[in-house]
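Structural features, examined
Here's the letter readout for the chains.
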Amino acid sequence: MKILLTGATGFLGTNLCSQLQAQGDEIVRLNSNNCDLTQPESLLNFNDCNYDQIYHLAAWTQAGDFCLSHPGEQWIINQQINTNVLTWWQKYQAQAKLICMGTSCAYDPNLPLLEKYYLTGIPINSLFTYAMTKRMLYAGLLALNKQYGLKYLYLIPSTLYGSGYHTDGRQMHFIFDLIRKIIRGKLYGEPVVLWGDGNQSRELVFVEDFAKIATQLAATIDNNSINIGAGEEYTIRHFAKLICEEVDYNFSQIRFDTSCYVGARSKCLVVDKLKESLPNFKLTPLELGLAKTIEWFWLEQEKLVPAR
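Structure report, in brief. Just so it is clear, the model here is predicted, and its values are computed rather than measured. (Residues numbered from 1 in each chain as written. Predicted model: local features only at pLDDT ≥ 70, side-chain atom pairs only at ≥ 80, totals over all residues. Heavy atoms only, no water.)

1. Focus: the packing of aromatic side chains
Enumeration over the complete set of coordinates arrives at 14 aromatic pairs. Residues phenylalanine 11 and phenylalanine 176 carry aromatic rings whose centres are separated by 5.6 Å and whose planes lie at 90 degrees to one another, so their mutual orientation is edge-to-face. Residue phenylalanine 11 is found in helix α1 (residues 11–22), and its partner phenylalanine 176 is found in helix α5 (residues 174–188); the two are separated by 165 residues along the sequence. Just as phenylalanine 11 is buried, phenylalanine 176 falls in that class too. If you follow arginine 237 out to its NZ or CZ, it ends over the ring of phenylalanine 256, 4.0 Å from the centre. (Phe/Tyr/Trp six-rings, centres within 6.5 Å; stacked < 30°, edge-to-face > 60°. Helix = DSSP H or I, 4+ residues; strand = E, 2+ residues; numbered from the N terminus. Buried < 20%, exposed > 50% of the residue type's maximum accessible area, 1.4 Å probe, protein only. Lys NZ or Arg CZ within 6 Å of the ring centre and 35° of its normal.)

Written out as structure tokens, the structure is:
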């Protein structure tokens, strides 16, 4: 198949490209260097063929407290990006299925994290703007399907982890930040201070698993939204203990700072629809996934945990 991806050089994009390439697909990779998605004309340069699928992964965001400081920019930039992609799809690539990434933070934390509630209630305040841009993207898919019959798939992932994460110094998602801090404590004797009391819970999916799941669902499911998660969550303390065991660091030396931003206290997706769609898919066990991720950290030590 001929497939175009936005956000192709990001963490998910690189892993998804590897999966598609292994399947023998012909891939066109878009990133901020070869296509400015905030500009309506930028996608016209990629009209030289008709694509079978389009994966829209690009988004203007970062982990940590980034969303707290950039709500206005996030609204404008992500709305521009998503509107331009949807417009180009409808005008020039209507034969293609568009596979888009949602976000679990778009769910109202007071409701079950179930697909039918994705547009119901209010997202957590600290991530409200980014969450609403993802809801608007989903609304756009529904509208274009209703009026023009275009095919889409909307995937809602839990937090992804694995090798190939950003090494450019930006804020990291919690699991990468945990690994980095604990390794720095091991190597340099730095104090390991984790945000919150450690009892907030999170769900993880190994990024290679997500890439395989996404391609399988894209081949079989039309016009639907599907949560992609493990269906179980663990506390930050549990993750930290597993990492400490892997890198041989004393967990009792970790300090928890309850004055810091922690986001949602709990976030675990309901994955019944995923299990019905792919009943035989087996996720990578957490311990193995963390071991592989930590191994990658050691390989990228100079970038990720340099001496100061």
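2. What to know about helix α4 (residues 128–148)
Its 21 residues place the ends of α4 30 Å apart at the C-alpha level, agreeing with the 30 Å of an ideal helix rising 1.5 Å per residue. Listed in full, the buried residues belonging to α4 are Thr129, Tyr130, Ala131, Thr133, Lys134, Arg135, Leu137, Tyr138, Gly140, Leu141 and Leu144. (Expected span 1.5 Å × (residues − 1).)

3. A few points about the side chain of threonine 103
Position of threonine 103 relative to the elements: it lies in the loop between β4 (97–101) and α4. We classify threonine 103 as buried; its relative accessible area is 10%.

4. As for the nonpolar core
By size, the foremost hydrophobic cluster in this structure holds 98 residues, and its most contacted members are Leu5, Leu155, Ile175 and Leu217. Those residues in contact with isoleucine 175 that lie beyond four places of it in its chain are Tyr161, Leu204, Phe239, Ile243 and Leu290. (Core = buried A, V, L, I, M, F, W, Y, C linked by side-chain atoms within 4.5 Å. Contact = heavy atoms within 4.5 Å.)

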